[in-house]
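Spelled out, the chains give:
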Amino acid sequence: MLKSKNATTKMMALVVDDSIVNQRIHHKLLENFGIENQVVGNGKEAIDVHCSGKHFDLILMDMDMPVMNGIEATRMLRAMGIRSTIAGVSSHSSLSEDTKEFIEAGLDDYQEKPLTPAKLVSILHKVNLHV
Amino acid sequence: MDRNQLQRQVALKRSFLFEQCYLDPQQFVQLEELQDDANPNFVEEIVTLFYKDSARLFQKIEQALYSRPIDFAKLDDYMHQFKGSTSSIGAIKVKNECSQFKEFCLAANADGCVRALERVKQEHQTLRIHLENYFQLRRQAGLVQRV
């Protein structure tokens, strides 16, 4: 279903979510798709991990988080020149004003929680387009 | 009770949880499908994490609810987070009570929030008992690997 970018480069993802339940589920979901992934607990940690030099093909970004929320983190990552696929994953309706602001911050995709394998496949198709 | 009978008990309990709308079968099955040889008890692990996190969130909600003046926006945020976790494990009845609580938050109705929180906690505890029973039956039926 998924192709690695090439024989030696594996897709890397970053899960950004303050819920330990969702962190574990999203980590396992990605792992089962053969995608190595790292987990952080808020938007600031997502920024910090990028500042440490790490690169991710895909970022699954929650909206509501303490310290720095997903909207601010997405805006900041884009301002830093990060062109990774950022998919917002939140329990807000896709029609809400908050979600619109989230999308406008620089998302490539938005999926309502709970994240399912089918929704992840839809997100991953967008990652392939960027490669 | 032999293993076949125990496995039937497990299946009956699972059906009960779905039919009585304690659990959303679609979401719960998707969690079960994440289980593999490396994580054979993944669902139980997630449920354990959920109840651990619930305790933390209930404490925050109660602190916010009994502080004066009540910050209803903060209350709503905490319940939103809790509701998100309930969706992730497919806990329908708990999630529905969370929605009721959020309605009272929106209306800045403190008494309503207090009553709604009690109902959230009741459904949360009822589900916990059912799930503990379910996982215990699975262990007895030999459906769970000891890690």
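All figures in this text were calculated on a predicted structure; none of them were measured in a lab.

Caption draft 1: Representation of the overall build of chain A. Summing up its helical and strand segments, chain A has five helices and five strands in all. Sequence-ordered secondary structure for chain A, helices as α and strands as β, is β-α-β-α-β-α-β-α-β-α. The C-alpha radius of gyration of chain A comes to 13 Å, within 12% of the 14 Å expected for a compact globule of 131 residues. Taken along its principal axes, the extent of the C-alpha atoms in chain A is 40 × 30 × 25 Å. Taking contacts inside chain A between residues at least 6 apart in sequence as the whole, the part at least 24 apart equals 63%. Roughly 5,800 Å² of accessible area belongs to chain A as shown, and the carbon and sulfur atoms make up 54% of that amount.

Caption draft 2: Up close: the pairing of strand E4 (residues 85-90) of chain A. Residues and elements named next belong to chain A. The element E4 is extensively covered by neighbouring structure, given that six of its six residues are classed as buried. Burial of E4 is two-sided: the residues Thr85, Ala87 and Val89 facing one way and the residues Ile86, Gly88 and Ser90 facing the other way are all buried. When strand E3 (residues 58-61) meets E4, the two strands line up parallel, connected through four bridges. Looking at the pairing, Ile59 lines up with Ile86 of E4. The handedness of the E3 to E4 crossover, carried by helix H3 (residues 70-79), is right-handed. For E4 and strand E5 (residues 109-112), the ladder comprises four bridges, and the chain directions are parallel. Along E5, the bridge assignment pairs Gly88 with Tyr110. For the segment spanning E4, helix H4 (residues 97-104) and E5, crossover handedness is right-handed.

Caption draft 3: Main features of the UniProt feature "modified residue: Phosphohistidine" (unreviewed entry) in chain B. In the numbering used here, UniProt assigns the "modified residue: Phosphohistidine" (unreviewed entry) feature to His80 of chain B. Here His80 of chain B lies in helix H4 (residues 72-89). Looking at His80 of chain B, the relative accessible area reads 14%, which means it is buried. If we ignore the near neighbours within four places in the chain, the residues touching His80 of chain B are Asp64, Ser91 and His92 of chain A together with Lys102 of chain B.

Caption draft 4: The UniProt feature "modified residue: 4-aspartylphosphate" (unreviewed entry) in chain A, seen in detail. Under the feature "modified residue: 4-aspartylphosphate" (unreviewed entry), the UniProt entry names Asp62 of chain A. Here Asp62 of chain A shows up in the loop between E3 and H3.

Caption draft 5: Representation of the interface of chain B and chain A within the structure. Contacts between the two partners involve 19 residues from chain B and, on the opposite side, 17 residues from chain A. Across the chain B to chain A interface the summed buried area is about 1,600 Å²; carbon plus sulfur atoms make up 60%. Run the count over chain B and chain A and you get two salt bridges. A salt bridge links Lys28 of chain A to Asp36 of chain B, with the nearest nitrogen and oxygen atoms 2.7 Å apart. At the junction of chain B and chain A, the tally comes to nine residue pairs in polar contact (both at pLDDT 80 or more).

Caption draft 6: Just the environment of Asp71 of chain B, in detail. All names here are of chain B. With respect to the helices and strands, the residue Asp71 is situated in the loop between helix H3 (42-66) and H4. Sequence separation of Asp71 and Cys98 is 27 residues, and the distance between their C-alpha atoms is 17 Å. Of the polar contacts made by the side chain of Asp71, one reaches the backbone nitrogen of Lys74; its length is 3.1 Å.

Caption draft 7: Representation of the sheet that holds E4 of chain A. Residues and elements named next belong to chain A. The strand order across the open sheet formed by five strands is E2-E1-E3-E4-E5, and the pairing between neighbours is parallel. Looking at strand neighbours, the two that pair on one side only are strand E2 (36-40) and E5, the edges of this open sheet. Taking the axes of each pair of neighbouring strands and ignoring which way they run, one obtains an average angle of 20° across the sheet. Inspection of the sheet shows strand E1 (residues 12-16) paired to E2 by five bridges, in the parallel sense. Paired with Val15 across the bridge in E2 is Val39.

Caption draft 8: View of the packing of aromatic side chains. All names here are of chain B. Across all of its chains, the model carries eight aromatic pairs over all chains by this definition. The interplanar angle of 45° and the centroid separation of 5.0 Å between the aromatic rings of Phe58 and Phe82 together place this pair among those described as tilted. Pair noted here: Phe58 is in helix H3 and Phe82 is in helix H4, with a separation of 24 residues, a long-range link. A single burial state applies to Phe58 and to Phe82, both of which are buried. A centroid spacing of 5.4 Å and a plane angle of 55° characterise the contact between Tyr134 and Phe135, whose relative ring orientation is tilted.

Cut-offs applied
- Counting starts from 1 at the beginning of each chain's written sequence and moves along it residue by residue.
- For this description, chains carry letters from A and ligands carry numbers from 1, given in the order in which they are written.
- Totals for whole chains, interfaces and linings use every residue, but because this is a predicted model, local features are given only for residues with pLDDT of at least 70 and side-chain atom pairs only at 80 or more, for both listing and counting.
- Calculated side-chain values reflect all of the structure's heavy atoms, with hydrogen atoms and water omitted.
- The helix and strand labels rest on DSSP assignments: H or I over at least four residues marks a helix, E over at least two residues marks a strand, and numbering proceeds from the N terminus.
- Throughout, radius of gyration means the C-alpha value; the globule benchmark is 2.2 Å times the number of residues raised to the power 0.38.
- The contact rule is simple, with two residues in contact once any of their heavy atoms fall within 4.5 Å.
- Using a 1.4 Å probe, the Shrake-Rupley method yields the accessible areas, and only the shown protein chains count as cover for residues.
- Exposed residues in this analysis have more than 50% of their type's maximum accessible area, buried residues have under 20%, and partly exposed residues fall in between, with area computed by a 1.4 Å probe over protein chains only.
- Strand pairing requires that DSSP identify at least two bridges connecting the strands.
- Orient the strands so they point away from the viewer, and a crossover whose first-strand-to-second-strand path over the helix runs clockwise is right-handed.
- UniProt positions are given in the numbering used here, feature names are shortened, and annotations may be inferred rather than shown by experiment.
- Summed over both partners, buried area is the accessible surface (1.4 Å probe) that two parts give up on being assembled.
- Every case where a carboxyl oxygen of Asp or Glu lies within 4 Å of a side-chain nitrogen of Lys or Arg is listed as a salt bridge.
- Nitrogen and oxygen atoms within 3.5 Å of one another constitute a polar contact, given that in protein one can donate a hydrogen and the other can accept it, and given that sequence-neighbouring residues count only through two side-chain atoms.
- Axis lines are fitted through C-alpha atoms, for helices just across the contact stretch, and the angle between N-to-C directions can take any value from 0 to 180 degrees.
- Under the pairing criterion, centres of Phe, Tyr and Trp rings, with the six-membered ring standing for Trp, must be within 6.5 Å; the plane angle then separates stacked pairs below 30 degrees from edge-to-face pairs above 60, leaving the rest tilted.

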